[in-house]
Amino acid sequence: MAGDVAAFLTRFKSGFQRLLERPSTVDLKKYQEVLTSIEWREERVAKLTDEELTEAAAELRAKSTKGFDAHGSVELCALGREAARRALDQRPYDMQLVGALELLLGRVVEMGTGEGKTLAGALAAAGYALQGRSVHVMSVNDYLARRDAEWMRPVYELLGVSVGWVDQESSPEDRRAAYARDVTYGAVSEIGFDVLRDRLGTDPDELVQPAPDVALIDEADSVLVDEARVPLVMAGSTDEGHGDPEVAQVVRTLRPGQHYERDEDNRNAWLTSRGAKLVEKALGDIDLYSGDHSDRLAAVNAALHAQALLQRDVDYIVRDGKVHLINTSRGRIALLQRWPDGLQAAVEAKERLAPTESGEVLDSISVQGLVGRYQRVCGMTGTAQAVAEQLREFYELKVSVIPPNKPCVREDEADRIYDTVEAKEAALVKEIVAQHETGRPILVGTMDVAESERIAEKLTAAGVESVVLNAKNDAEEAAIVAEAGALDAVTVSTQMAGRGTDIRLGGAEGDETDHDKVAELGGLYVMGCGHYPSSRLDNQLRGRSGRQGDPGGSVVFASLTDDLTTQYAPDATAGAEPDDDGRYQDVTSRRYVEHAQKVAEGVNLDIHRNTWRYTRLIEHQRAIVLAYRDDVLRTDLAAKQLAERLPELWEKLGKDVDEDVLERVARQVVLFHIDTRWAQHLAFLSDVRETIHLRALARETPIDEFHRAAIAEFRGLLKGITDLAVETVEEAEITAAGIDLETAGLRRPTSTWTYLVHDNPFDSDAEQALQRVRASLRKVKAAKASS
């Protein structure tokens, strides 16, 4: 009884705490006095020369090593506002200053599209730098990181703050110089890859990153939620990929329903008995399931997944003879992202492409693990409220909603629901043609590359020329998006989340007259070709219209046969018959579509939560290994350990080899075995997770089994490293010049590279729960039908 009461009180306290921490609009009353003081100080700062302004910022830096007091916050905002006015000809609004101050409190701030997040973030980054802190501004891609660093550089320079950026093209020297600056911009993946590279460094002088301090994250919901499950990987070369062209050719001949089946979610595919017999005969009358052909069975499964579940121009595109994955949350090419080696090679074989290198995973880090390294985390986005609970649960971050500078007057229309995809697209094209005749600019958001090209072709057939923005031309996306608000413009785009470019009415080059013409027509009209799996992505698309109080409109065209509805609400039925155009006017149809999206959001949240339960233990083990590795790298710990284990040999070596040489040898040997054993440990954990679904089928708790195996394997890992180092020193030839690692059998990979793994091996719990819900719905439906 007491336990039940305690459990109830714990749940009540947790729920009450979440209620208290729910995001709410920032109370401007508490900032009114600060904003008044800033204006008063601004009048005096405006009279300073550039040199005097920079000197004033230097004085603020000298007094603020322990953080800003009330006077310091006022001074920062006054100096920052004047610096922006001089450098960019932009005077930050009060709401931008409030956003910057909330960022300095370690919050995730929600600011609408066009409200000036980039400048607010720069002022906050400068504020942290003037407190003596090192700031990494994380963006969603290289383009935005470099653009924002160069755009904001004049503001930083007037404040006496140094700024740099890193991207894929940066050399180690460039990276070291960039990270030495007060503020460093970079894509979250690029900063993560630098962490992984540093973890394999064998000399402190090789490292490029300083100790992590402050992370300021742009598009925080995309980075912290959408990308959180995608591991960043460091691999070492072993050989070329092993896609099996023969298997790929056989699998091409298989037919769904006859030779293989797929589950309702299109996540898994398996051979039927007929299909298995066909494959076995085609591969030389082998028995796939005997155990003697496990490699062939794995190749068949990978080829079947590639053939049956992955669609070209939806999940990936082929460009320049290579497979490029598409980021499902942003609709652009996922640079350096790939599937696990077997599946990657299978897709390449499917497309008849040369295999890329495969390799051994040397280390990895999740975005969640990367962000967790920083002492202070803050961020900004246009859609934070919807993920406030996840930000609190996974990152202990609070959300602050910043009111718009001007009220949003965009008109968001009710969904238009149709019976089929064909009817939906026909109605969409018809509406675009009608709106285009008035000259009103239109932005069409599609689900994937294939759909965007299909809609563009239909528009061309209807006499409307459009500009297509999708994963195939992402290098030009900023210029395309910037012109989406021009008179007569029709832009068709895959998912708009994270595009990072303002859409001004009248176009980027338009004047006030052009702006007014478009405003009179109702502003930018945003049309969605369906709902995304997340309401945030819908809101990000809508948010492209109605910036800074401009007029605008949005509407979503959806159907009961859209992938979202069939996957997450398979039993959806309309409450009335459709009209002649296939459109449903009833409330029930809209509710089904809304329900499907909510189920999708719930499933993705469960997957995120479940994935973190697994990776949390790995992160803990990694932290232990990294702490040991850092001691070995920076001190004489390795030499002391080996001298303790091999006192006589070490003393003998010391007579002929200088002490600093022996320390270097010990460091090289121990570091090699640390890196090798950790890579082996990751491979073991990968094998465990591959069989975790089988453990679930056996009614064992997957997470408990994973923890049990991981803890048992990790026990003794550090001692094992020392044992291996001892064996190496006993057998190797150590001279006055040191040790030849190759001769001693300590061969590091000839090349290394980084990528993101497009993989989610731990979704079984959520998927099984969803399957059970669907099964229950079907039973209820069947029972009603029979009665």
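Quick caveat, the model's predicted, so the values are computed rather than measured.

Caption draft 1: Quick look at the overall build of the chain. Secondary structure assignment for the chain yields 30 helices and 26 strands. Residues classed as buried in the chain amount to 52% of the 787 residues present. Long-range contacts, defined as pairs at least 24 residues apart, comprise 77% of the intrachain contacts of the chain with a sequence gap of at least 6.

Caption draft 2: Just helix 17 (residues 421-436), in detail. Taking 1.5 Å as the rise per residue, helix 17 with 16 residues should run 22 Å; its terminal C-alpha atoms sit 22 Å apart, in good agreement. All buried positions along helix 17 are accounted for by A423, K424, E425, A427, L428, V429, E431, I432, Q435 and H436.

Caption draft 3: Region of interest: the environment of K398. Structurally, K398 is set in the loop between helix 16 (388-395) and strand 15 (399-401). The spacing of K398 and V109 is 289 residues in sequence and 8.6 Å in space, taken between C-alpha atoms.

Caption draft 4: Structural detail: the pattern of salt bridges. This model, assessed by the stated rule, comprises 44 salt bridges. Its salt-bridge partner being R175, residue E190 comes within 2.9 Å of it at the nearest N-O pair. In this pair, E190 is assigned in helix 9 (residues 188-199) and R175 in helix 8 (residues 172-179), connecting sequence segments 15 residues apart. Across the pair, R175 and E190 agree in class, each one buried. D636 is paired through a salt bridge with K640; the nearest N and O atoms lie 3.7 Å apart. On the basis of relative accessibility, which here comes to 51%, the residue K640 falls in the exposed class.

Caption draft 5: Representation of the packing of helix 4 (residues 70-88) against helix 6 (residues 117-130). The contact between helix 4 and helix 6 brings their axes to 11 Å, and the two run at 130°. What the angle tells us is that helix 4 and helix 6 run oblique. Considering how the two elements wind past one another, helix 4 and helix 6 form a crossing that is right-handed. Contacts between helix 4 and helix 6 involve L76, G80, A84 and L88 from the former and L119, L123, G127 and L130 from the latter.

Caption draft 6: Structural detail: the packing of aromatic side chains. Enumeration according to the criterion identifies three aromatic pairs in this entry. When the centroid spacing of 6.2 Å and the interplanar angle of 10° are considered together, the rings of Y418 and F557 count as stacked. Of this pair, Y418 sits in strand 17 (residues 416-418) while F557 sits in strand 22 (residues 552-559); the two residues are 139 residues apart in sequence, bridging distant segments of the chain. You'll find Y418 and F557 in the same group, each marked buried. Taking the centre distance of 5.2 Å and the plane angle of 70° together, the rings of Y614 and F706 count as edge-to-face.

Caption draft 7: Representation of the nonpolar core in the model. Counting 55 residues, the largest nonpolar core has Y156, L159, V183 and Y185 as the members making the most contacts within it. Top element by residues in this core is helix 6. It accounts for ten residues.

Caption draft 8: Region of interest: the pairing of strand 10 (residues 316-319). As paired elements, strand 10 and strand 11 (residues 322-325) share four bridges and run antiparallel to each other. Bridge pairing links Y316 to L325 in strand 11.

Caption draft 9: Region of the structure containing the environment of G506. Relative to the assigned elements, G506 resides in the loop between strand 20 (490-493) and helix 20 (512-520). Filtering out sequence-adjacent residues up to four positions away, G506 remains in contact with G485, A486, D514, H515 and V518.

Caption draft 10: Broad picture of the side chain of D213. On the secondary structure map, D213 appears in the loop between helix 9 and strand 6 (214-218). Here D213 falls in the buried class, since its relative accessible area comes to 15%. At 2.8 Å, the side chain of D213 and the side chain of R133 are in polar contact. In this structure the side chain of D213 is engaged in a polar contact, spanning 3.1 Å, whose partner is the backbone nitrogen of S134. Beyond its immediate stretch of four places on either side in the chain, D213 contacts R133, S134, Y374, Q375 and R376.

Caption draft 11: Seen up close, a negative patch on the surface. A contiguous patch of negative charge, built from E51, E52, E55 and E59, is present on the exposed surface. With a relative accessible area of 36%, E52 lands in the partly exposed category.

Caption draft 12: The arrangement of the pairing of strand 3 (residues 135-139) in detail. Burial analysis of strand 3 places five of its five residues in the buried class, the great majority of the element. Residues V135, V137 and S139 of strand 3 are buried on one face, and the alternating residues H136 and M138, pointing to the opposite face, are buried as well. One ladder, built from five bridges, connects strand 3 with strand 5 (residues 183-187); its direction is parallel. Bridging across to strand 5, V137 finds its partner in Y185. With four bridges connecting them, strand 3 and strand 6 associate as parallel partners. Residue pairing in the sheet places V135 in a bridge with V214 of strand 6.

About the cut-offs
- Residues numbered from 1 in each chain as written.
- Predicted model: local features only at pLDDT ≥ 70, side-chain atom pairs only at ≥ 80, totals over all residues.
- Heavy atoms only, no water.
- Helix = DSSP H or I, 4+ residues; strand = E, 2+ residues; numbered from the N terminus.
- Buried < 20%, exposed > 50% of the residue type's maximum accessible area, 1.4 Å probe, protein only.
- Contact = heavy atoms within 4.5 Å.
- Expected span 1.5 Å × (residues − 1).
- Salt bridge = Lys/Arg side-chain N within 4 Å of Asp/Glu carboxyl O.
- Axes fitted to C-alpha atoms, helices over the stretch in contact; angles between N-to-C directions.
- Parallel < 35°, antiparallel > 145°, perpendicular 65-115°, else oblique.
- Left-handed = near helix turned anticlockwise from the far one by under 90°.
- Phe/Tyr/Trp six-rings, centres within 6.5 Å; stacked < 30°, edge-to-face > 60°.
- Core = buried A, V, L, I, M, F, W, Y, C linked by side-chain atoms within 4.5 Å.
- Pairing = 2+ DSSP bridges.
- Polar contact = N/O pair within 3.5 Å; in protein donor to acceptor, adjacent residues only side chain to side chain.
- Patch = residues over 30% accessible without salt bridge, like charges linked within 9 Å, V, L, I, M, F, W, Y side chains within 5 Å.
- Areas by Shrake-Rupley, 256 points an atom, 1.4 Å probe, with all protein chains shown as cover.
- Lys, Arg positive; Asp, Glu negative; His and termini not counted.
- Charge placed at Lys NZ, Arg CZ, Asp CG, Glu CD.

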